[in-house]
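For reference, the chains in residue letters:
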Amino acid sequence: MVELMVQQTTTTPIGAYLCLLKGCSKRKALAEGKQVHALIAQSVLDSNIFLANTLVHMYSKCGSVLDAHKVFSNMPQRNVYSWTAIISAYADSGQGEEAINLFQQMRRTGLAPDKVVFVVVLKACASLAALEQGKQLHSDIFKRGFQSDVIVGSTLVDMYAKCGCTDDARELFNNMSERNVVSWNAMIGGYAQNGLGKEALALYEQMKQEGVQPNIVTFTIVLSACASLAALEQGKQLHFDIIKRGFQPDVIVGSTLVDMYAKCGCIEDARELFNSMSKRDVVSWSAMIAGYAQNGLGKEALALYEQMKQEGVQPDIVTFTSVLSACASLAALEQGKQLHFDIIKRGFQLDVIVGSTLVDMYAKCGCIEDARELFNNMSERNVVSWTAMIAGYAQNGLGKEALALYEQMKQEGVQPNNITFTCILSACAHSRLVDEGRYVFDSMCKDHDVSPTKEHYACMVDLLARAGCWADAELFINKMPIQPDSVVWMSLLGAARNHGHLEIGRRAFDLVVKLDPKNAAPYVLLSNIYAAAGRKDELAKIRNEMKDAGVKKMPGCSWIEVDKQVHAFVVGDATHPQSKEILAELDRLAGLMKEAGYIPDLSFVLDNVEDEEKEKALCKHSEKLALAFGLISTPPGTTIRIKKNLRVCGDCHNATKIISKIVRREIIVMDANISHHFKDGFCSCRDYW
């Protein structure tokens with residue numbers, strides 16, 4: 001067929017082959033391209049440099065770098081276009097190091113690079129964050145007078161920004177003699193990629209003032225900046241501008257809009273937009289699934305993933321990471337295991353991001369041994385992988401193991417980041433490792449050049465106050481170089497609740513409410529302190545203060561997975577189809593628990609009702625309802641996993657210890673702070689949480 005097309009063409013054979021090869025490139029038709037190559041090889045034209053260059057380009061566009069390199073290696077002579085074609089082949093396939101090596105080989109041949117090859121190699125440097133090579137290229141470009149070219153200049157801006165040098169990128173951008181929309185996009189994108197959303201939005205406004213018309217790429221970048229800042233109003237204005245320009249039907253723009261609304265907490269608007277999209281690809285589905293997962297709607301994320309599969313859309317790495325996060329948020333282990341199997345089938349398990357997310361999922365489901373085995377078997381590990389495993393130990397109350405892994409991480413030359421330190425400090429706080437926590441905090445700046453953030457300060461306050469080091473905790477707060485925020489004072493208030501410290505609790509409460517007046521958590525914590533101390537008048541007063549402030553407590557919700565279905569329960573829930581059986585199981589357990597010495601802790605019921613009513617209310621806490629459902633729905637001996645959105649209350653904690661002994665099962669409850677492994681009447685947290 002291909003041979004017939006060559007014979008029928010009215011152009012020269014070279015022209016015919018060139019046309020056919022360009023057509024194959026455009027359609028990514030590798031099989032047909034190979035047929036054309038075979039015909040060229042049979043003719044006397046196989047040494048023609050134009051055909052050889054086009055063959056290299058065709059194989060590159062069809063994704064066959066190996067074939068491209070074979071053609072290139074067999075060329076009797078090469079020009080700058082030959083080198084550009086093979087360098088582009090490697091750069092476009094994500095093999096930036098090889099692209100840079102080939103460029104250096106080209107330089108050694110004495111061929112002078114042109115603007116096009118500089119642009120290609122700069123992009124390779126940007127993809128690798130290879131700043132030193134990028135700077136050397138910049139020097140060569142300057143010597144050859146190419147810097148004034150708008151495409152070269154824009155690519156330089158992009159390279160510096162992707163290497164994290166936004167100041168250098170901006171200086172270059174400001175000094176460009178000519179700028180087009182690509183230049184503006186490079187600089188705006190550089191700000192957005194480096195977490196400088198405000199600067200990205202400000203530059204976008206300047207771009208409009210200078211009369212430069214934004215394109216689809218501009219809008220996707222600026223929408224991402226809005227998403228990172230949760231800048232809803234600016235995002236809405238962009239949406240309006242997108243509609244005016246007729247860009248909304250574009251699948252990339254539509255997907256980015258879904259992502260922006262979801263990250264601004266407008267999940268219903270995101271879903272409405274998603275449903276209205278005329279065309280949806282895997283990016284669109286992944287954006288909506290991630291939106292649900294990020295907004296704590298794991299069940300909805302899993303349901304949408306199932307719908308995606310039913311509609312024949314193939315998940316990619318991004319999809320899997322979002323769905324795994326949803327499983328982790330619900331402790332949906334069985335569905336997580338199924339995803340793991342699907343990931344292996346598709347060959348994604350070697351990806352470092354997927355591997356790290358799997359480690360996180362198993363750890364958050366309480367399977368810390370499985371998480372560690374996965375971590376040990378990863379062919380590639382980065383700071384995210386190490387941090388995920390350290391976080392897993394912290395979440396499961398294994399502070400010493402977290403510290404040991406942190407030391408191993410340093411020995412292997414992996415530099416911890418600010419998130420790593422948050423996880424380590426949290427692990428120390430939940431394991432009463434005060435001296436170790438102090439050492440880690442001091443080493444952040446001294447040994448690792450990581451400046452403490454408000455999260456690190458809050459962890460240190462939690463570490464000290466939780467251990468009862470009140471004077472040290474308050475001295476630490478007073479010496480903080482930044483103004484303590486509500487998170488810091490909440491750490492102090494939470495510790496005061498644990499220790500029943502009225503004076504410190506009240507003082508911390510006043511400061512939290514001043515900084516975060518609509519937060520219900522401080523009212524609940526102070527109420528717990530007053531209730532435990534029997535201070536009924538103060539309890540009534542704080543309840544009235546909460547009512548007057550218009551603050552409502554977030555309802556407790558617990559999830560449990562049975563037969564790959566996630567069931568949700570809220571306090572006092574009677575809507576479950578098996579509600580009668582659940583309540584009957586709770587009644588059965590109540591009798592057995594009292595025989596075992598259980599005494600309900602009525603201080604965890606803040607309503608002003610009789611003790612009998614308080615006891616009934618305690619019985620219907622969401623985690624107890626989920627536990628009873630798990631007991632009646634799974635075979636004896638099965639481990640029960642429950643996820644709760646809030647901290648498990650002290651009464652439920654005591655009750656679950658006793659139940660674990662009665663039913664002879666391991667019960668894992670993952671609350672907002674830590675995972676509790678109950679077995680034989682004991683909890684892994686040792687009542688220190």
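Numbering of residues starts from 1 in every chain and runs along the sequence as written. It should be noted that, the model being predicted, local features are given only for residues of pLDDT at least 70 and side-chain atom pairs only at 80 or more, the latter also being counted only at that level, while totals for whole chains, interfaces and linings use all residues. Based on all heavy atoms of the structure, the side-chain values leave hydrogens and waters out of the count.

## A word on the confidence of the model for the protein chain
- Of the residues in the protein chain, 97% reach a pLDDT of 70 or more, and the chain-wide mean stands at 94.
- The low-confidence segment residues 6–11 (pLDDT under 50) makes six contacts with residues lying over four places distant or belonging to another chain. As a per-residue measure, pLDDT reflects the predictor's confidence and takes values from 0 up to 100. By the convention used here, residues are in contact when the closest approach between their heavy atoms is within 4.5 Å.

## Let's talk about the pairing of strand 3 (residues 640–644)
- Within strand 3, five of the five residues are buried, which leaves the element mostly enclosed by the surrounding structure.
- Of the pairings in the sheet, the one linking strand 1 (residues 557–562) to strand 3 comprises three bridges and is antiparallel in character. Paired with Ser558 across the bridge in strand 3 is Lys644.
- Should DSSP find at least two bridges between two strands, the strands are regarded as paired. In this text, helices come from DSSP runs of H or I with a minimum length of four residues, and strands from runs of E with a minimum of two, each type numbered from the N-terminal end. As paired elements, strand 3 and strand 4 (residues 667–670) share four bridges and run parallel to each other. For the exposure calls, accessible area comes from a 1.4 Å probe over protein chains only, and a residue counts as buried if that area is under 20% of its type's maximum, exposed if over 50%, partly exposed in between.

## Notes on the side chain of Ser64
- Mapping Ser64 onto the fold places it in the loop between helix 4 (49–61) and helix 5 (65–73).
- If we skip the residues at most four places from it in the chain, Ser64 touches Leu30 and Tyr59.

## So, the packing of aromatic side chains
- When two rings of Phe, Tyr or Trp (its six-membered ring) have centres within 6.5 Å they constitute a pair, described as stacked for plane angles under 30 degrees, edge-to-face for angles over 60, and tilted for the intermediate range. Applying the stated rule across the entire model yields 16 aromatic pairs.
- Taking 5.0 Å as the distance between ring centres and 80 degrees as the angle between the ring planes, the aromatic pair formed by Phe274 and Trp285 counts as edge-to-face. Here Trp285 lies in helix 18 (residues 282–294) and Phe274 lies in helix 17 (residues 267–276), a separation of 11 residues in the sequence. Both residues of the pair, Phe274 and Trp285, belong to the buried class.
- On the basis of an interplanar angle of 80 degrees and a centroid distance of 5.1 Å, the ring pair of Phe509 and Tyr523 is categorised as edge-to-face. With Phe509 in helix 31 (residues 502–515) and Tyr523 in helix 32 (residues 521–532), this pair connects stretches of sequence that are 14 residues apart.
- Exposure remark for Tyr523: the relative accessible area of 4% places this residue in the buried category.
- Within the aromatic cluster, the residues linked to one another by ring pairs are Phe103, Phe118 and Phe146.
- Between Arg280 and the ring centre of Phe274, over which it is positioned, the NZ or CZ distance is 4.3 Å.
- Think of it as a cone above the ring: NZ of Lys or CZ of Arg counts as a charge over the ring if it is within 6 Å of the ring centre and within 35 degrees of the ring normal. In this structure, Arg381 packs its charged tip against the face of Phe375, placed 4.5 Å from the ring centre.

## So, the sheet that holds strand 5 (residues 675–679)
- Pairing is mixed across the open sheet formed by six strands, whose spatial order is 2-1-3-4-5-6. Two strands close off the open sheet at either side, each with one partner strand: strand 2 (565–570) and strand 6 (682–683).
- Where strand 5 meets strand 6, two bridges bridge the pair, whose relative direction is antiparallel. Considered in strand 6, the bridge of Lys679 is made with Phe682.
- Along the sheet, helix 36 (residues 622–633) makes contact with strand 1, strand 2, strand 3 and strand 4, crossing strand 1 at roughly 15 degrees. Every axis corresponds to a line fitted to the C-alpha atoms, with the helix fit spanning only the stretch in contact, and the corresponding angles, defined between N-to-C directions, vary from 0 to 180 degrees.

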